[in-house]
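Coordinates in review
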Amino acid sequence: AEGGEFGSNETTIFDVPFMPTSVPSATSSISSSPSMSLSPSHSPSSSHIPTETCYWIEVAIAFDEFPYETEWKVEQLDGELAIDASNFTYEPSYGYDKERHCLPVGRYQFIIWDEGDDGLCCLYGSGNYTVTSNDELIAEGGEFG
């Protein structure tokens with residue numbers, strides 16, 4: 001779905017997955033060749049516990065002059081909140097925010113709105129947003145009202 005002109009908000013419904021990605025473990029590493037150590041390791045050992053498969057989405061926003069007016073969220077269609085990004089008070093004017101989140105399989109909606117009803121573009125700057133998953137476009141836009 002694509003967006004451009006909309007009132008004070010825009011909503012895009014999308015399905016997860018686009019393409020699967022597993023949550024990486026902080027202690028796992030992959031080697032293409034076996035290695036052997038003759039000295040003992042003092043690091044704790046860990047087991048690989050199966051994790052729920054999730055799918056990465058990335059939300060990138062180029063703000064206008066008033067980033068604190070911008071809010072967005074991703075929620076399941078039943079209204080359960082998955083991601084909330086609503087405090088851009090300290091972002092600089094014309095700044096940039098990029099966030100990656102991993103979502104389990106499901107149906108979601110991305111909602112973005114602007115408190116000032118002037119959007120991210122074009123009255124007070126040329127801001128915009130994109131939502132992608134594995135380089136596949138889910139939503140984009142910038143003009144509100």
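Structure shown above.
Here the residue numbering is sequential within each chain, running from 1 through the sequence in written order. Per-residue local features are limited, in this predicted model, to residues with pLDDT of at least 70; the limit for side-chain atom pairs, both in listing and counting, is 80 or more; totals at the level of whole chains, interfaces and linings are taken over all residues. As a convention, hydrogens and water are excluded, and side-chain values are obtained from all of the structure's heavy atoms.

Notes on the overall build of the chain
- Counting from the N terminus, the helices are the DSSP runs of H or I reaching at least four residues and the strands are the DSSP runs of E reaching at least two. The helix and strand tally for the chain stands at 0 helices and 12 strands.
- Burial status follows relative accessibility: with a 1.4 Å probe on protein chains alone, a residue under 20% of its type maximum counts as buried, one over 50% as exposed, and anything between as partly exposed. Looking at the 145 residues of the chain, the share that counts as buried comes to 34%.
- Summarising the internal contacts of the chain: among those between residues at least 6 apart in sequence, 77% fall at separations of at least 24.
- To be clear on the numbers: accessible area is Shrake-Rupley with a 1.4 Å probe, and residue cover counts the displayed protein chains and nothing else. Carbon and sulfur atoms make up 49% of the accessible area of the chain, which amounts to about 9,000 Å² in all. Here, two residues are considered to be in contact whenever any of their heavy atoms come within 4.5 Å of each other.

As for the pattern of salt bridges
- What makes a salt bridge here is a side-chain nitrogen of Lys or Arg within 4 Å of a carboxyl oxygen of Asp or Glu, nothing more. In this structure the tally under the stated criterion is 3 salt bridges.
- A salt bridge links Arg107 to Asp15; the nearest nitrogen and oxygen atoms lie 2.8 Å apart. Pair noted here: Arg107 is in strand β7 (residues 106-114) and Asp15 is in strand β2 (residues 9-16), with a separation of 92 residues, a long-range link.
- Accessibility expressed as a relative area gives 39% for Asp15, which makes it partly exposed.
- Taking the shortest distance from any N to any O, the salt bridge between Lys98 and Glu58 comes out at 3.9 Å. In this pair, Lys98 sits in strand β6 (residues 96-103) while Glu58 sits in strand β3 (residues 55-62), placing the two residues 40 residues apart along the sequence.

Describing the packing of aromatic side chains
- The rule is short: rings of Phe, Tyr and Trp, with Trp giving its six-membered ring, pair when the centres are within 6.5 Å, and they are stacked under 30 degrees, edge-to-face over 60, tilted in between. As enumerated under the stated definition, the model contains 6 aromatic pairs in all.
- With 5.2 Å between their ring centres and 75° between their planes, Phe66 and Tyr124 make a pair best called edge-to-face. Highlighted residues: Phe66 in the loop between β3 and β4 (70-76) and Tyr124 in the loop between β8 (121-122) and β9 (125-126), separated in sequence by 58 residues.
- Clustering of aromatic rings is evident, with ring pairs tying together Phe66, Tyr68 and Tyr124.
- Throughout this description, the term charge over a ring refers to an Arg CZ or Lys NZ atom that lies within 6 Å of the ring centre and within 35 degrees of the ring normal. A cation sits over an aromatic face here: Arg100 above Trp56, 4.3 Å from the ring centre.

Considerations on the sheet that holds β7
- Two strands qualify as a pair provided DSSP detects at least 2 bridges between them. Taking strand neighbours across the sheet as the criterion, the 4 strands line up as β2-β7-β4-β5 in an open arrangement whose pairing is antiparallel. If you trace the sheet from one side to the other, it starts and ends with β2 and β5 (81-85), each paired once. Geometrically, the sheet is characterised by an average inter-axis angle of 15° between neighbouring strands, direction not taken into account.
- As defined by bridge partners, β4 adjoins β5 across 4 bridges and the pair is classed as antiparallel. Residue Val74 lies in a different strand from β5, and its bridge partner there is Ile83. Throughout, an axis means a line fitted to C-alpha atoms (over the contacting stretch in the case of helices), and angles, computed between N-to-C directions, take values from 0 to 180 degrees.

A short note on unusual backbone geometry
- The amide bond that connects Cys121 to the next residue, Cys122, takes the cis arrangement and shows omega of 25°.
- Tracing the sequence through the fold places Cys122 in strand β8.
- Positive phi is not limited to glycine here, since Tyr94 has a value of about 60°.
- Mapped onto the elements, Tyr94 comes out in the loop between β5 and β6.

Re the environment of Asn87
- Relative to the helices and strands, Asn87 resides in the loop between β5 and β6.
- Asn87 gets classed as exposed once you look at its relative accessible area, which sits at 56%.
- A sequence separation of 16 residues divides Asn87 from Glu71, and the C-alpha atoms of the two residues are 7.2 Å apart.

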